[in-house]
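# A look at the structure
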Amino acid sequence: MRKTNNIILETAIKVLLYFIVLYSVYIFTAGHYYPGGGFIGGLMTAGAIVLLLIAYDIKTVEEFLPVNYRILTAIGLLFAIGTSAGSLLFDVPFLTHAFGDVQLPILGKLSLHTATLFDLGVYFVVVGVTMTIIQTIGEDE
Amino acid sequence: MVCVTFTYFIVRLFSHFLTGDNEWEMINWIPSLGINFTAKVDGLGLLFSLLITGIGALVVLYSIYYLAKNKEKLNNFYVYLLLFMAAMLGVVLSDNLIVMYAFWELTSFSSFLLIGYWYERDKSRYGAQKSMLITVFGGLAMLGGIILLYIMTGTFSFTEIMSQANEIFNHALFVPTLLCILLAAFTKSAQFPFYIWLPDAMEAPTPVSAYLHSATMVKAGIYLVARFTPVFGEHILWFWLVSGVGILTMIWGSVFAVKQTDLKAILAFSTVSQLGLIMSLLGIGSAAHHYDFLDENIFTVAVTAAIFHLINHATFKGSLFMAAGIVDHETGTRDIRKLGGLMHFMPITFTISIIGAFSMAGLPPFNGFLSKEMFFTAMVHVTEMDIFNLETWGILFPVLAWIASIFTFIYSMILVFQTFTGKYQPEKLDKKPHEAPMGLLISPIILVSLVIIFGLFPNLLSDSLISPAMGSILPSLLGAGEEFKVHISFWHGPTIELFMTIGVIILGLVLYKTHSRWKKIYKGIPEKLALNRFYDFVLEGLQSVSYKLTNTYMNGSIRSYLVYIFAFLIVILAATLFGKNAFMFSTSNVSSIGVYEVALAILVVLSSICILFAKSRMTSIILLGAVGYTVSLFYVLFRAPDLALTQLVIETISVALFLVCFYHLPKLRKFETRMRFRLINALISVGVGAIVTLIALSAHSSKLFDSISKYYVENTYTEAAGKNMVNVILVDFRGFDTLFEITVLAIASLGIFGMIKLRLNRRKEG
């Protein structure tokens, strides 16, 4: 992509980016109880990075976010498969999830699910895959 | 590493001894289909596993010294070799036929890898492919046979099939099953006319040839025939096919072995011939089923001979292969026209070869003599049988066997004396020959000492190995607690067998001395070439035809592929919908339509129509985005926030993706004037739209099942402690789907990455 000269977008994105990413993290963590989840969260994060790409050029974004998205995809898959296979250690069928509540001192009740770890894998894979595709096609000039 | 594995084999070997007969071990694999890993050790399995581990250990020891440590990829070699060993053990110890089939194919596969070990050579690749194609073809036939057996008996367990052997004997599928199983055995054991892969398999490193292609893998077919003798053995077809093909292979292999000039080629054809010998013995032994008495049942001698020769062949052929490998290793050639007079340089190798070859030729006092005598005995007995028209045709067996034995004698002599005696021709050799290091010699020395020990004390084996193995092949002849009495004796008196052996030696010697004169006859026989040529012809034909066929529809234009996919979709769905009379339309369960819905629908329709008339690609993309966003508004109206969110984000990302790709796309050809092109586009788009609409309407109108949503509504919180049903379904209830979906996504992204990056590299180079 060519270098654009769009001050308004560039300035707005600097602020907006954090909100989008934060919101996507919220969407991801809330997934089990409210609308959201790893897939949407991941896509939203990828959307934020795409917005960066539109405002700046691909090289700048790479310097700003030096992430190898293929490795991110692999890590995501490891999370998903690891969580699924982990249940085998407890002699229950593949992909059996466990959950429980923890009482935290100030924040109160916190529900923990192994499903979240699985969803984290989904999140990483979605970000990784989307960005790999966009980056490779974008770099190809 | 190698030493550790070596010790491991020995431990295994002894543990097999200790466990005794009929040991069962079971691990469930697919219990719902009756497919389980069931290991069962019986006489036959024990014999084969001893062969596999014993010869395997010697071969590993030999290959340590044979393969240069710094030049070869040793890790690959040992992985393949041990893979083979494990697979072969699996074949002989599995009771479940499907599991056995899986291991069977694994042996073909590891053989492929080992033949192609020096894959930079054309001939290695050719040989590897050939062996793979032929043996896997047989393997598929076996799978068919196993499935037919399952249809007849309802079980994959061999033990249970055997107990039903009498009931399936008159089944209509009995003969096809028999043929399928025999096809597998004949391809694997290199019987006529499938033997053509074995000579080409000699491109493998010599330890592999010694192990896979003479001692073990090619005997898997023998094993299969022996294993299935209790089931099929009473059938006339089984008798004639097994013994007939066996004896034909024997004579064919021995005649053509004389023609060869490569040491390993001689050994390959000799292996073909010897396998034919064992096969024919098993075929004749199956006739023992028709003589239902144990005492004085003269036909069981064929089975005894088969098993005894199986062991003997492994010992003498293994040592001969190793000796040929040593000659190759120390002189740089295996061509007997270049070799000669090596006796003085390699006295130990010479001794090994001469013992091995004399045993193969059937000379006393080696073990080959004993099994060859028994072979003649069995063949002579065939003439005494009064079943299967043997009164008239039976005489063929001893005659053919005798002729084949003469040729066996000749090539055994050629093998030793052309290499080790005669004129020494140093100018034709690459290296100066000298005796091999001790490490190379240990394994063949162990094998030839076995040749002598089994020759002098044959009854060492008879009770421990041969008798239980016979019990597995001919169980119906045994009562409870009985076992076969096997006694192998050296001297039978002046019987007809002895005269046959003497005749073999005299005629063989005469023909060997004169063979340089009559060898020219071979030039007049093109048969062997014709078989190979037929194979090549079929292979090339298949390749070029399928290439042409594929090219007619894979033309590289993405539009054509989309046309195929959508046309197929329309045809299949329309056919099902109207064929099953599934179309339905009822307005009974429809909610009222509000203003918002109407407005959104109009918006969708308008933007879609605008896309058709858009002048630039940019406009089309943005309009497509508009359609997507409007659809997500529908989800909002129908109170599906998850879907709406997903749709919104996806739409954003895909518009971005489109814009990224935009740069690379060719200019939109607005004025596509070809009528046919536009007509097909119109047809397909209208067709897909109509079909999807029809299906949506019918799906809404017909409620064949209760909706599953109720289950999720009830269980989402109790089972998975989540309140967002959609998400819980994604990560928990249908987590497997998600797991596979993200895997597919990851693979797709890597594919795109690879395609674009590789293409870039090539452009830079070019």
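Keep in mind it's a predicted model, so treat the numbers as computed, not measured.

## Topic: the overall build of chain B
Across its full length, chain B carries 31 helices and 2 strands. In chain B, which comprises 766 residues, the proportion classed as buried is 42%. Within chain B, counting contacts between residues at least 6 apart in sequence, those at least 24 apart form 76% of the total.

## Considerations on the overall build of chain A
In terms of regular secondary structure, chain A is built from 5 helices and 2 strands. Counting helices and strands in the order they occur from the N terminus, chain A gives α-α-α-α-β-β-α. In chain A, buried positions account for 41% of the 141 residues. Contacts in chain A between residues far apart in sequence, at least 24 positions, make up 67% of those at least 6 positions apart.

## Regarding the interface of chain A and chain B
Every contact between the two is made by 39 residues of chain A and, on the other side, 37 residues of chain B. Every element with two or more residues in the side of chain A that touches chain B is listed here: helix 2 (38-55), helix 4 (69-89), strand 2 (108-113) and helix 5 (114-139) of chain A. The element that contributes the greatest number of residues to the side of chain A that touches chain B is helix 5 of chain A, accounting for 13 residues.

## Focus on the confidence of the model for chain B
Counting all residues, the mean pLDDT for chain B is 81, and 88% of those residues have values of 70 or more. Model confidence for the complex is summarised by a pTM of 0.73, with the ipTM given as 0.86.

## Quick look at the environment of Val-631 of chain B
Residue and element names in this part refer to chain B. Tracing the sequence through the fold places Val-631 in helix 26 (residues 617-637). Between the C-alpha atom of Val-631 and that of Leu-603, which follows or precedes it by 28 residues, the distance is 9.7 Å. For Val-631, the contacting residues outside a window of four places in its chain are Val-604 and Gln-647.

## Topic: helix 27 (residues 641-662) of chain B
An α-helical segment advances 3.6 residues per turn. Residues three or four places apart therefore align on the same side. Taking 1.5 Å per residue as the helical rise, helix 27 of chain B with its 22 residues ought to reach 32 Å, and the 31 Å between its terminal C-alpha atoms agrees with that figure. Within helix 27 of chain B, burial applies to Asp-642, Ala-644, Leu-645, Thr-646, Gln-647, Leu-648, Val-649, Ile-653, Ala-656 and Val-660 of chain B. In this structure, the buried residues of helix 27 of chain B make contact with helix 2 and helix 5 of chain A together with helix 26 and helix 30 (725-733) of chain B.

## Remarks on unusual backbone geometry
All names here are of chain B. The peptide bond linking Phe-192 to Pro-193 adopts the cis configuration, its omega dihedral lying at 0°. Mapped onto the elements, Pro-193 comes out in the loop between helix 8 (174-188) and helix 9 (197-200). Positive phi is not limited to glycine here, since Ala-190 has a value of about 55°. Its place among the elements puts Ala-190 in the loop between helix 8 and helix 9. The class of Ala-190 is buried, set by 30 C-beta atoms lying within 10 Å. Unusually for a residue other than glycine, Arg-639 sits at a positive phi of about 55°.

## Considerations on the nonpolar core
Membership of the largest hydrophobic core comes to 183 residues, with the highest contact counts inside it found for Leu-114, Leu-281, Leu-282 and Ile-307 of chain B. Here the element with the most residues in this core is helix 14 (residues 300-331) of chain B; it accounts for 18 residues. Sequence-distant contacts of Leu-281 of chain B, that is, excluding residues within four places in its chain, are made with Ala-302, Ala-305, Ala-306, His-309, Phe-375 and Ala-378 of chain B. With 48 residues, the next largest nonpolar core counts Phe-28, Leu-52, Ala-80 and Val-125 of chain A among its residues.

## Examining the packing of helix 18 (residues 396-420) of chain B against helix 21 (residues 496-513) of chain B
Residue and element names in this part refer to chain B. Relative orientation of the contacting elements helix 18 and helix 21 amounts to 50°, with a least axis distance of 8 Å. Here helix 18 is positioned oblique relative to helix 21, judged by the angle of their axes. Relative to helix 21, the crossing made by helix 18 is right-handed. Contacts between helix 18 and helix 21 involve Trp-402, Ser-405, Ile-406, Phe-409, Ile-410 and Met-413 from the first element and Met-500, Val-504, Ile-505, Leu-507, Gly-508, Leu-511 and Tyr-512 from the second. Its residues assigned to classes, the contact of helix 18 with helix 21 comprises 11 nonpolar, 2 polar and no charged.

## Regarding helix 2 of chain A
In this model, helix 2 of chain A (18 residues) spans 26 Å end to end at C-alpha, consistent with the 26 Å of a helix rising 1.5 Å per residue. In terms of burial, helix 2 of chain A is largely enclosed, as 16 of its 18 residues are buried.

## Thoughts on the packing of helix 15 (residues 347-361) of chain B against helix 18 of chain B
All names here are of chain B. Direction vectors running N to C along helix 15 and helix 18 enclose 170°, while the axes themselves pass 8 Å from each other. Our classification of the angle between helix 15 and helix 18 gives roughly antiparallel. Facing helix 15, whose interface residues are Phe-350, Ser-353, Ile-354, Ala-357, Met-360 and Ala-361, helix 18 presents Thr-408, Phe-409, Ser-412, Leu-415, Val-416 and Phe-420. Residues of the contact of helix 15 with helix 18, tallied by class, amount to 9 nonpolar, 3 polar and no charged.

## Quick word on the environment of Leu-447 of chain B
All names here are of chain B. Residue placement: Leu-447 occurs in helix 19 (residues 438-456). Given 28 C-beta atoms within a 10 Å radius, Leu-447 is considered buried. Here the alpha-carbon distance between Leu-447 and Phe-316, two residues 131 residues apart in the chain, equals 6.9 Å. Leaving out residues up to four positions away in the same chain, Leu-447 has contacts with Leu-58, Thr-315, Gly-318 and Ser-319.

The rules behind these values
Residue positions are counted from 1 within each chain, in the order its sequence is given. Here the convention is simple: chains get letters from A, ligands get numbers from 1, in the order in which they are written. Two thresholds apply to this predicted model, a pLDDT of at least 70 for residue-level local features and 80 or more for giving and counting side-chain atom pairs, whereas whole-chain, interface and lining totals are computed over all residues. Each helix is a run of H or I in the DSSP string that is no shorter than four residues. Each strand is a run of E no shorter than two, and both are numbered from the N terminus. Our exposure labels follow a C-beta count within 10 Å of each residue's own C-beta, placed from the backbone: buried means 20 or more other C-beta atoms, exposed means 12 or fewer, and partly exposed covers the counts in between. With C-beta atoms placed from the backbone, a contact is any residue pair whose C-beta atoms sit within 7 Å. Within a predicted model, pLDDT stands for the predictor's per-residue confidence, ranging from 0 to 100. Expected span, for any helix, means 1.5 Å times one less than how many residues it has. In plain words, the nonpolar core is the set of buried Ala, Val, Leu, Ile, Met, Phe, Trp, Tyr and Cys residues that C-beta atoms within 7 Å link up. Interaxial angles span 0 to 180 degrees and are taken between N-to-C directions of axes, which are lines fitted to C-alpha atoms, for helices over the stretch in contact. Small angles under 35 degrees read as roughly parallel and large ones over 145 as roughly antiparallel, with 65 to 115 read as roughly perpendicular and the rest as oblique. Left-handed describes a crossing whose near helix is turned anticlockwise from the far helix by less than a right angle; the clockwise case is right-handed. Residue polarity is assigned by list, with Asp, Glu, Lys and Arg as charged and Ala, Val, Leu, Ile, Met, Phe, Trp, Tyr, Cys and Pro as nonpolar; anything else, Gly included, falls into the polar class.

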